[in-house]
Every structure is written in structure tokens, then in C-alpha cells.
Amino acid sequence: MKVLIVEDNVRVSALIKRGLESQGYEIYISEDAEDALVMADRILIDLVIMDIMLPTMNGIELSKILKKKNPDLPIIMLTALGTIDEKIEGFDAGADDYMVKPFEIRELYARIKAVLLRKSSPTTKNEISDILAYQELQINKKNSRVFRDGKEINLTPKEFKLLVFLMDNPERVLSREEIAENVWGNHFDTGTNYIDVYIAYLRKKIDKNFEKKLIHTKPGMGFILSHQL
């Protein structure tokens, strides 16, 4: 398993390298984004661990470029920035996970395993189909395009993943814990309001300009995709 570490702090990258090599990973290190892009083109990388604050180009922009080239490439962001807005920016750039420094190396092991497991295992029975449809809402999972009543709607990667999960489970109340497990991974801190923030984002894009609302809140229970409420 080849892991690319993009980190300009030599001490931090060396610590991660020693830890991951002890777990059997093959490690490559880059100190800036431009060099990381060259390495990613030259080597078949299985996972990228990157800092956000990098010379020449930040990790947000680097993640967007890497994900455009390879949408299935798992990315874990490491940063000293830990506000909700900053984390959402990372997720929207394509990050699969987000760790705030300082962190325990054992937690990084667990995060890596969780990300790789989610990437390698189907999460829903409907993944065998490229098209999901509910009422006048339609998703093409192959090209990540979303339409409602024939009008295309642009979603960020996390918004898209959340909507896919809702459409895989229509007319069923989904708890925050269940959404967290399937969209963000088991480690997701359900004490934060990430899920509520993303549900609000989806409502603005999916429901705002339509008379019939599809995404609903069940107080004390969670959220549901339904045309009957």
C-alpha cells in the first residue's frame, strides 16, 4: 500500500513515516504541492495524507487537482485549523477525512483503515446502478450529475454523497449517527453540527426553488427523504 505524505514540516513527516512503515505501508514524502503532483503522476498512490498549509499551493487546491485526476483517491487532511468552516472547506475539496494537529499516531492508523475500507467496499445495495431516481429528482452516479425536474443542480462532493445516501434510503428516517457512519465514517464526531449544516446546504439546492419539499427533519430522530410530508 503506497502512501504519499505531503508535509513541509520535516519532523511531522518523519514521525508519520516511521509510524506507517511499522504498519507495512510504503511511504513517499513531498514537502510541497507541485512536487506532490509530479509524484502522484509517476507513482500509483493508494492514499494521500496532506497538510493544508503548504508552500506554493495549499492543500485545498492540491486536493481539488488530485481528485479531478482521480476521484477515487483517498485523501486525509492534517491541519492546525479546526473550525467547522475550515473542515467543511476541506471536505468540499474532496478530503475523505480531516485530522486536527496534534494527533495520536494510533488514531491516524485507525482513520487510514476506515478510509481504505470505505473506498474498497460497496456501501449500498444500489451501487450496482449508475442512476438513482426519486420523484422528479435524479442522480447519475457515474458522472456525479444531479437533476430535479430536468434542471441540473451543482453539488459539492460531500453534498453529493449525502444526497446519494438519502436517495438510497427513501421514506426512511435516518439518524445523525447513521448518516455520520455512512457518509463520513465511524469516527465522525456526532457532537458537532456538521450533518445539520450539510442538510441545510442540500435543502437550499434541492428544495428551495420547488414547491414540493423532499428533505425533512424529524425532531429528535433525524432526517428523511419523502414526498408525503
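See the structure above.
Values in this document were obtained by computation on a predicted structure and should not be read as measured data.

Caption draft 1: Just the overall build of the protein chain, in detail. A tally of helices and strands in the protein chain yields eight helices and eleven strands. Against the globule reference of 17 Å for 229 residues, the protein chain gives a C-alpha radius of gyration of 19 Å, in line with a compact fold. Along the three orthogonal principal directions, the C-alpha set of the protein chain runs to about 55 × 35 × 30 Å. For the protein chain, the residues scored as buried account for 45% of the 229 residues in total. In the protein chain, the share of contacts with a sequence separation of at least 24, taken over all contacts with a separation of at least 6, comes to 56%. Counting only carbon and sulfur atoms, one obtains 51% of the accessible surface of the protein chain, whose full area is about 11,700 Å². Between the mean site of the 33 positive side-chain charges and the mean site of the 36 negative ones, the protein chain shows a separation of 3 Å.

Caption draft 2: Broad picture of the pattern of salt bridges. Counted under the stated rule, the structure contains 15 salt bridges. Where Glu7 meets Lys101, a salt bridge forms, and the shortest distance between an N and an O atom there is 2.9 Å. With Glu7 in the loop between strand S1 (2–6) and helix H1 (10–21) and Lys101 in the loop between strand S5 (97–100) and helix H5 (105–120), this residue pair connects regions lying 94 residues apart in the sequence. Here Arg176 ties to Asp196 by a salt bridge, and the two come within 2.8 Å at their closest N and O atoms. Taken as a pair, Arg176 in helix H7 (residues 176–184) and Asp196 in helix H8 (residues 194–206) lie far apart in primary sequence, 20 residues in all.

Caption draft 3: A look at unusual backbone geometry. In this model, Lys101 is joined to Pro102 through a cis peptide bond whose omega is -5 degrees. Along the chain, Pro102 falls in the loop between S5 and H5. The backbone of Ser144 shows a phi angle near 60 degrees, a positive value even though the residue is not glycine. Note that Ser144 resides in the loop between strand S7 (137–140) and strand S8 (145–148). A residue is classified by how much of its surface remains accessible, and Ser144, at 46% relative accessible area, is partly exposed.

Caption draft 4: Structural view of the environment of Asp46. Secondary-structure assignment places Asp46 in the loop between helix H2 (33–42) and strand S3 (47–51). Separated by 44 residues in the primary sequence, Asp46 and Lys2 have C-alpha atoms spaced 5.2 Å apart. In this structure, Asp46 is in contact with Met1, Lys2, Leu73, Pro74 and Leu116, ignoring residues within four places of it in sequence. Of note is the side chain of Asp46, whose polar atom sits 2.7 Å from the backbone nitrogen of Lys2.

Caption draft 5: Expanded view of the sheet that holds S5. Ordered by their spatial adjacency, five strands build an open sheet running S2-S1-S3-S4-S5, and the pairing between neighbours is parallel. Edge positions in the sheet fall to strand S2 (26–30) and S5, since each of these pairs with one other strand and no more. The mean inter-strand angle of the sheet, taken between neighbouring strand axes irrespective of direction, is 20 degrees. Inspection of the sheet shows S3 paired to strand S4 (residues 75–79) by four bridges, in the parallel sense. Note on S4: the bridge partner recorded for Asp51 is Leu78.

Caption draft 6: Spatial organisation of the packing of aromatic side chains. Scanning the model with the defined rule gives five aromatic pairs in all. Note on Tyr198 and Tyr201: the rings are 5.5 Å apart at their centroids and 75 degrees apart in plane angle, and the pair reads as edge-to-face. Of this pair, Tyr198 and Tyr201 both sit in helix H8, separated by three residues, roughly a single helical turn. For Tyr198, a relative accessible area of 0% gives the class buried. Cluster of aromatic residues (ring-pair linked, three or more members): Phe91, Tyr98, Trp184, Tyr194, Tyr198 and Tyr201. Here the guanidinium or amino end of Arg148 rests over the ring plane of Phe210, the centre of that ring lying 4.3 Å away.

Caption draft 7: Inspection of the pairing of S8 at higher detail. Here S8 shows one buried face, formed by Val146 and Arg148, and one open face, formed by Arg145 and Phe147. Bridge analysis of S7 against S8 gives four bridges, and the strand direction is antiparallel. Bridge pairing in S8 links Gln138 to Phe147. What sits between the antiparallel neighbours S7 and S8 is a turn of four residues, in which Ser144 has the positive phi angle 60 degrees.

Thresholds, definitions, all that
- Residues numbered from 1 in each chain as written.
- Predicted model: local features only at pLDDT ≥ 70, side-chain atom pairs only at ≥ 80, totals over all residues.
- Heavy atoms only, no water.
- Helix = DSSP H or I, 4+ residues; strand = E, 2+ residues; numbered from the N terminus.
- Rg over C-alpha atoms; globule rule 2.2 N^0.38 Å.
- Buried < 20%, exposed > 50% of the residue type's maximum accessible area, 1.4 Å probe, protein only.
- Contact = heavy atoms within 4.5 Å.
- Areas by Shrake-Rupley, 256 points an atom, 1.4 Å probe, with all protein chains shown as cover.
- Lys, Arg positive; Asp, Glu negative; His and termini not counted.
- Charge placed at Lys NZ, Arg CZ, Asp CG, Glu CD.
- Salt bridge = Lys/Arg side-chain N within 4 Å of Asp/Glu carboxyl O.
- Polar contact = N/O pair within 3.5 Å; in protein donor to acceptor, adjacent residues only side chain to side chain.
- Pairing = 2+ DSSP bridges.
- Axes fitted to C-alpha atoms, helices over the stretch in contact; angles between N-to-C directions.
- Phe/Tyr/Trp six-rings, centres within 6.5 Å; stacked < 30°, edge-to-face > 60°.
- Lys NZ or Arg CZ within 6 Å of the ring centre and 35° of its normal.

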